[in-house]
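Residues per chain are reported as follows:
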Amino acid sequence: LPDEFLEYLRKIKFGDWAGKSRSNMPQEIEPAELSHLVKHNSRIPATTLTILHRHLRQLIEESAQGHRCRTKSGLEKNLDQFGRLLNMTDPEQRILLFCYIITTVSYAEHFFTDCLELLRGTQRNLLAHIIGVGTRDVGEFFNGRFKRIELFDSHHPGRFNLKDSYLRLLENPDNENLPDMLFKTFKGPALPLSDHLVDQKTVSFMLELLKNPGAHPVQILLYGSAGTGKTSLAYSLLLESGLPAYAITQDADNRISRRRVAIEACLNLIGDHGQGVILVDEADHLLNPGFMANDGNDKAWLNMLLEKPRARMIWIVNRWQQMEPSTLRRFTFSLHFRNQTLPQRMTLWEQLLVKNKVQNLLTGEEVKNLAEHYEINVAGISDIIATATRNAEGDKNKFISLLTNSLDAYVEVLNSGEKPKRSFQIEERYSPSGINLDQDPEQLILELTAADMLRASGERRTSTLLLYGPSGAGKSEFARYLSKRLMKRLLVKRASDLLSPWVGMNERNIAQAFEQAERDDALLLIDEADTFIFPRSMAMRSWETSMTNEFLTQMENYQGILLCTTNRYQGLDIASIRRFTYKIKFDYLKNAQKKELYSALLEPIAGSALDPESERELVSIPKLVPGDFRVVRDQAVLRKEGFRNHRSLVSALRQEVAHKSKNLEEKQIGFSSMS
């Protein structure tokens, strides 16, 4: 004990010490006794307590010095790195260390928060005194930028506990690589900007923004469906800018709090001069605070970041539809990435083949087939072509084998390890001359192409086609033929894809189908469209009327090519029929078409030309449709016995028509009895 305190003990009565000489006074005292003495004896002068405080603090510091390691511990190194990354002041680092102790040492948390009640606002002075910082430092730490980046655990509001993600950073044993857990310095590789199917004027404009931002912030948003080349273009922009570039790292859970710290760290590295660019990929949750927010800190932090002077950032999102308008308005420039059309993918393939000097290894038709079957982005195609080129050594067959194997593996891994389902392909020998429709297919394609060019120039133009006729007449197959001729993807939606048992979901599914087709520049095929455009006067429930209204509204506003198929033309709403640009009837086959389809699909099975008697029998069969020929062909392939000659094949066609007629009669009888 200090002499001044012993002098005080000599002057007062306290237990067995009263009246004892100094030589007999104890030189040590138990902590509990000292605590009791100080807490319950109000006669101790303030100066004496100050001396006692100074003495105890010196003892603690001497003890700490005796136990201190000669080198800094991993925790101390991480605290130092964390402080440098966020440009923390010395008081801020002291408060952070205090919060770490409170979070990890249960009895320390109990003493400081429960016994001393330091969480109370009136105890801020005491808290500052304990840590050895100013009261203002404490207030700014807990209510300023560290609150905005969610340093503290939201499950314990108002307490000092750090979030688990920050604890893992501070306790990371590999303390030398703490920055790598938050961001990576980007130095490449990246494709040349000219390899991307983006208007070069747009690319030059974005590059100019990044290089010469001035005092204003430059915030660029790249948005669109996954796999459309956003990240690949961003890498190319970073490399071409020549500026220091930092890519924010994603952990397994894509934690928002950790990514916010990473952004703050990168901004600190760049400094006020603004000589650097930050890339935030998969930024959906950061830019959509409502997804995971529980207070207003998310939006406040985001708005301050987007408006930070001289900040240069590129943001990439897949889901932009729910972003708030106030957030979208803060971006300097935004670029929408749509799914590439077939002509765009073909152009991309041709460019990359020329770049790798292997354009002579693939024919134009082979390039088209690859572009049709593999809808992958520029980076994936570029890597696969380069790898195949290195290993094929100019051998065409080996090159094609390497390409297709790599492409199949690439698509499979993107599909969660499952082989993707191939869309139904059009018959290899398909010709519209084999179907009986009341429109000239070639003239129709010319008109649809002209309308498509007008839409591309900015003119609003909707092309809607109603394909009606008996089942199996070739409506869906003709839609696939149109998509191939127009070189557009065919997006097929059936009633089962759009109908839902939940209120309001039918309308939402219909709207999303039209939005997806317009976004991807695809042909939209609505199969069984009579489900949606039946007479509203026949609606039995309110949701049926609202569903039809939604379909017609989307149809009127749609900027693309819409095809609707139905087997029940007579049951459609008259007002709905008037909205279609083209009403194309598919009828039963003419005699010449019967012979043409038989020659193409069934004659090879018999192995000889159709004899006159069988030909007369064929043309005499009424109500034949293309679907009947495909059914008989499939039966012959599976059941070879009994399908070896023309007579048996023609007989099978007649039986197929008889089955359909019998089914139709049964339906009519059923309706009659019900009436």
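Nothing here was measured: the structure is a model prediction, and the numbers come from that model.

### Let's talk about the packing of aromatic side chains
- On inspection of all chains with the given rule, the structure shows 19 aromatic pairs.
- Taken together, a centroid distance of 5.7 Å and an interplanar angle of 70 degrees make the contact between Phe98 and Phe160 edge-to-face. A residue pair is termed long-range when its members are at least 10 positions apart, and Phe98 in helix H5 (residues 90–104) and Phe160 in the loop between helix H9 (145–148) and helix H10 (164–170) qualify at 62 residues. Each member of the pair, Phe98 as well as Phe160, is classed as buried.
- Look at Phe141 and Phe152: their rings are 6.1 Å apart centre to centre, the planes differ by 65 degrees, and that puts the pair in the edge-to-face class. Taken as a pair, Phe141 in helix H8 (residues 135–143) and Phe152 in the loop between H9 and H10 lie far apart in primary sequence, 11 residues in all. The burial state of Phe141 is the same as that of Phe152; both residues are buried.
- Among the aromatic residues, those joined into a ring-pair cluster are Phe98, Phe111, Phe112, Phe141, Phe142, Phe146, Phe152 and Phe160.

### As for the sheet that holds strand S9 (residues 490–493)
- Across the sheet, six strands lie side by side as S7-S12-S8-S11-S10-S9; this open sheet has mixed pairing. Both edges of this open sheet fall to strand S7 (436–437) and S9, since each of them pairs with a single strand only.
- As judged from the six bridges shared by strand S8 (residues 463–468) and strand S11 (residues 561–566), these two strands associate in the parallel manner. In the strand pairing of S11, Thr464 is matched with Leu562.

### Regarding the sheet that holds strand S6 (residues 333–337)
- On the basis of which strands lie adjacent, the open sheet formed by six strands has the order S1-S3-S4-S5-S2-S6 and mixed pairing. In the strand order of this sheet, the two ends are held by strand S1 (183–186) and S6, each with one partner. Taking each pair of neighbouring strands and ignoring which way they run, the sheet shows an average axis angle of 20 degrees.
- In the sheet, strand S2 (residues 218–224) pairs with strand S5 (residues 312–317) via six bridges, with the strands oriented parallel. The partner of Gln219 across the bridge, within S5, is Met313.
- In the packing of helix H11 (residues 200–211) onto the sheet, contacts are made with S2, strand S4 (277–280), S5 and S6, and the angle to S6 comes to roughly 145 degrees.

### As for the confidence of the model for the protein chain
- Of the residues in the protein chain, 84% reach a pLDDT of 70 or more, and the chain-wide mean stands at 82.
- Per-residue pLDDT stays below 50 along residues 13–19; that stretch engages in seven contacts with residues further than four places along the chain or on separate chains.
- Contacts of residues 668–675 to residues separated by more than four positions or lying in other chains number zero contacts, the stretch itself having pLDDT below 50.

### Concerning unusual backbone geometry
- Cis geometry is adopted by the peptide bond preceding Pro189, which originates at Gly188 and carries an omega value of 0 degrees.
- Relative to the helices and strands, Pro189 is located in the loop between S1 and H11.
- Here Glu282, not a glycine, exhibits a phi torsion of approximately 50 degrees, which is positive.
- Owing to a relative accessible area of 32%, Glu282 belongs among the partly exposed residues under this scheme.
- A positive phi angle is found at Arg310, which is not glycine, with a value near 70 degrees.
- Within the fold, Arg310 resides in the loop between helix H15 (297–306) and S5.
- The class for Arg310 is partly exposed, based on a relative accessible area of 37%.

### Things to note about the nonpolar core
- Ranked by size, the top nonpolar core spans 61 residues in total, and within it Phe141, Ile263 and Trp315 carry the most contacts.
- If one sorts the elements of this core by residue count, helix H13 (residues 256–270) sits on top with eight residues.
- Ignoring anything within four residues of it in the chain, the contact list for Ile263 reads Ile248, Ile278, Val280, Leu286, Trp301, Leu305, Met313 and Trp315.
- Leu466, Phe514, Phe551 and Met555 belong to the second-largest nonpolar core, a separate cluster that totals 26 residues.

Each value, and the rule that gives it
- Residues numbered from 1 in each chain as written.
- Predicted model: local features only at pLDDT ≥ 70, side-chain atom pairs only at ≥ 80, totals over all residues.
- Heavy atoms only, no water.
- Phe/Tyr/Trp six-rings, centres within 6.5 Å; stacked < 30°, edge-to-face > 60°.
- Helix = DSSP H or I, 4+ residues; strand = E, 2+ residues; numbered from the N terminus.
- Buried < 20%, exposed > 50% of the residue type's maximum accessible area, 1.4 Å probe, protein only.
- Pairing = 2+ DSSP bridges.
- Axes fitted to C-alpha atoms, helices over the stretch in contact; angles between N-to-C directions.
- Contact = heavy atoms within 4.5 Å.
- pLDDT = per-residue confidence, 0-100.
- Core = buried A, V, L, I, M, F, W, Y, C linked by side-chain atoms within 4.5 Å.

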